[in-house]
Structures are given as C-alpha cells and as structure tokens.
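# Observations on the three-dimensional arrangement
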Amino acid sequence: MESMAKPKKNMTADMTVTALMTAITCILGPFSLPIPISPVPISLTNLVIYFMAYILGAKKALWACALYLLLGAVGLPVFSGFSGGLGKLLGPTGGYLIGFLFLAAIAGFFVERFPGKRYLHAAGMVIGTAVLYLFGTVWLAGQMNLSFAAALGVGVIPYLPGDAAKIFLAVLLGTQIRRSVERAVR
C-alpha cells in the first residue's frame with residue numbers, strides 16, 4: 001500500500017509544480033516592452049521557460065507551455081501586452097509563441113540529459129532559442145510579407161543581448177531554484 005501512495009504524492013506534486021510554472025508564465029508573460037522597430041515586444045516569457053527547463057524537465061515544461069498557449073488562445077490576457085485570443089496566436093508574433101514549445105522541449109532535454117553540466121544547459125537553451133527564432137522569423141516574414149533577412153532584423157537581432165543575459169541568469173540560478181522547489185514539494 002505504501003508504494004502506491006508515494007507515486008500518487010509525486011504525481012500530485014508534479015502536477016502542482018507544472019500548474020504553478022504555467023501560472024508564473026501567465027503572470028509574467030503579459031509584461032512586455034514594445035520596441036519601435038519591431039512588432040515583437042521584449043518579454044520575460046523565455047526567461048520563465050529557461051527556469052522551467054530546470055524545474056520541470058522537458059516533458060512537463062512542454063506541457064506547461066502548451067497549457068499557457070491554450071489559455072492565451074481561448075482569450076485569457078496572458079500574452080505580451082495583456083493580450084490573448086486565437087488572433088494573437090495566429091498573428092505576426094504567433095510563430096514566436098509556438099516556438100516556446102520547442103524552447104521548452106529542447107532546453108528541458110539538455111538540462112535532464114546532462115545534469116551538472118552548465119555549459120551544456122546553456123547550449124540547450126541557445127539551441128532551443130535558435131529554433132524558436134527560426135520558427136518565429138519564418139512566421140513573421142510570412143505574416144508581414146518580409147524577406148527572411150528583414151524579419152530576422154526586426155524579430156531576432158534586437159533581442160540577442162537580452163536573451164543571452166536571460167540564459168546566463170537561468171544557468172547561474174537554475175540548479176539552486178530546482179533544489180529549492182524539490183525541497184518544498186517533499
């Protein structure tokens with residue numbers, strides 16, 4: 001009997017932490033800083049996803065991101081600028097929103113697969129962000145009738161320094177935050 005209770009407790013804790021990370025994304029995602037040269041605002045969403053990789057791992061981070069996107073798609077104002085709805089998801093920045101799924105899966109995979117190897121965690125976050133950028137840039141180019149290079153110029157280049165700082169912060173603090181969360185749910 002005791003062996004059955006333990007997995008249920010862990011499953012409940014996993015679901016709770018996953019829901020909490022979704023909620024944190026929904027809280028921080030709307031806060032954004034529009035920049036005049038781009039339809040893509042600066043947001044904290046990818047920082048939350050970098051931390052998700054540490055706290056949840058690939059599969060649960062993917063679920064948390066999918067839930068975040070679903071909540072936004074049905075109209076809750078969880079996307080940048082306190083927006084929501086299917087129109088936002090299908091609009092010019094929708095590719096970046098969908099790209100969060102790739103970021104969560106790839107970064108989470110690297111954190112899970114290479115425990116204790118921060119340089120590989122950073123590499124996974126860079127690769128995940130590159131895939132997000134690629135997906136978002138192609139989407140943005142198609143939506144705004146821009147060349148790939150022009151979309152790259154307005155949808156990626158201005159964000160590189162900030163995203164590098166977010167990755168650095170996540171790699172610096174991620175393991176400690178994961179340990180704190182693990183202690184809290186025991």
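Residues numbered from 1 in each chain as written. Predicted model: local features only at pLDDT ≥ 70, side-chain atom pairs only at ≥ 80, totals over all residues. Heavy atoms only, no water.

### Brief notes about a positive patch on the surface
A cluster of basic residues, R118, R179, R183 and R186, forms a positive patch on the protein surface. Topologically, R183 is positioned in helix α7 (residues 160–185). (Patch = residues over 30% accessible without salt bridge, like charges linked within 9 Å, V, L, I, M, F, W, Y side chains within 5 Å. Areas by Shrake-Rupley, 256 points an atom, 1.4 Å probe, with all protein chains shown as cover. Salt bridge = Lys/Arg side-chain N within 4 Å of Asp/Glu carboxyl O. Lys, Arg positive; Asp, Glu negative; His and termini not counted. Charge placed at Lys NZ, Arg CZ, Asp CG, Glu CD. Helix = DSSP H or I, 4+ residues; strand = E, 2+ residues; numbered from the N terminus.)

### Focus: the nonpolar core
In terms of nonpolar packing, the biggest core is built from 42 residues, with M52, L56, Y68, F100 and M125 touching the most fellow members. If you list the elements that add at least two residues to this core, you get α1 (2–28), α2 (45–73), α4 (94–113), α5 (118–144) and α7. Here this core takes 16 residues from α2, the largest share from any one element. F100 has contacts with T45, N46, I49, C65, Y68 and L132, leaving out every residue within four places of it along the chain. (Core = buried A, V, L, I, M, F, W, Y, C linked by side-chain atoms within 4.5 Å. Buried < 20%, exposed > 50% of the residue type's maximum accessible area, 1.4 Å probe, protein only. Contact = heavy atoms within 4.5 Å.)

### Quick look at α4
Owing to its 3.6 residues per turn, the α-helix brings residues three or four apart onto one side. The end-to-end C-alpha distance of α4, which contains 20 residues, comes to 29 Å, matching closely the 28 Å that a straight helix rising 1.5 Å per residue would cover. Of the positions making up α4, those classed as buried are G94, G95, Y96, L97, G99, F100, L103, A104, A107, G108, F110 and V111. Considering only its buried residues, α4 is in contact with α2, α3 (86–90), α5, α6 (148–155) and α7. (Expected span 1.5 Å × (residues − 1).)

### Points about the UniProt feature "transmembrane region" (unreviewed entry) in the chain
Here, the residues flagged by UniProt with the feature "transmembrane region" (unreviewed entry) are residues 12–31, 37–56, 61–82, 94–111, 123–142 and 148–173. Measuring from the first to the last C-alpha atom of residues 123–142 gives 28 Å, for a span that is 100% helix and 0% strand. Measuring from the first to the last C-alpha atom of residues 148–173 gives 35 Å, for a span that is 85% helix and 0% strand. (UniProt positions renumbered as here; feature names shortened; annotations may be inferred.)

### A closer look at the pattern of salt bridges
Scanning all chains against the criterion turns up 3 salt bridges. Among the ionic pairs, K60 bridges to D14, the shortest N-O distance being 3.5 Å. Taken as a pair, K60 in helix α2 and D14 in helix α1 lie far apart in primary sequence, 46 residues in all. A relative accessible area of 27% places K60 in the partly exposed class.

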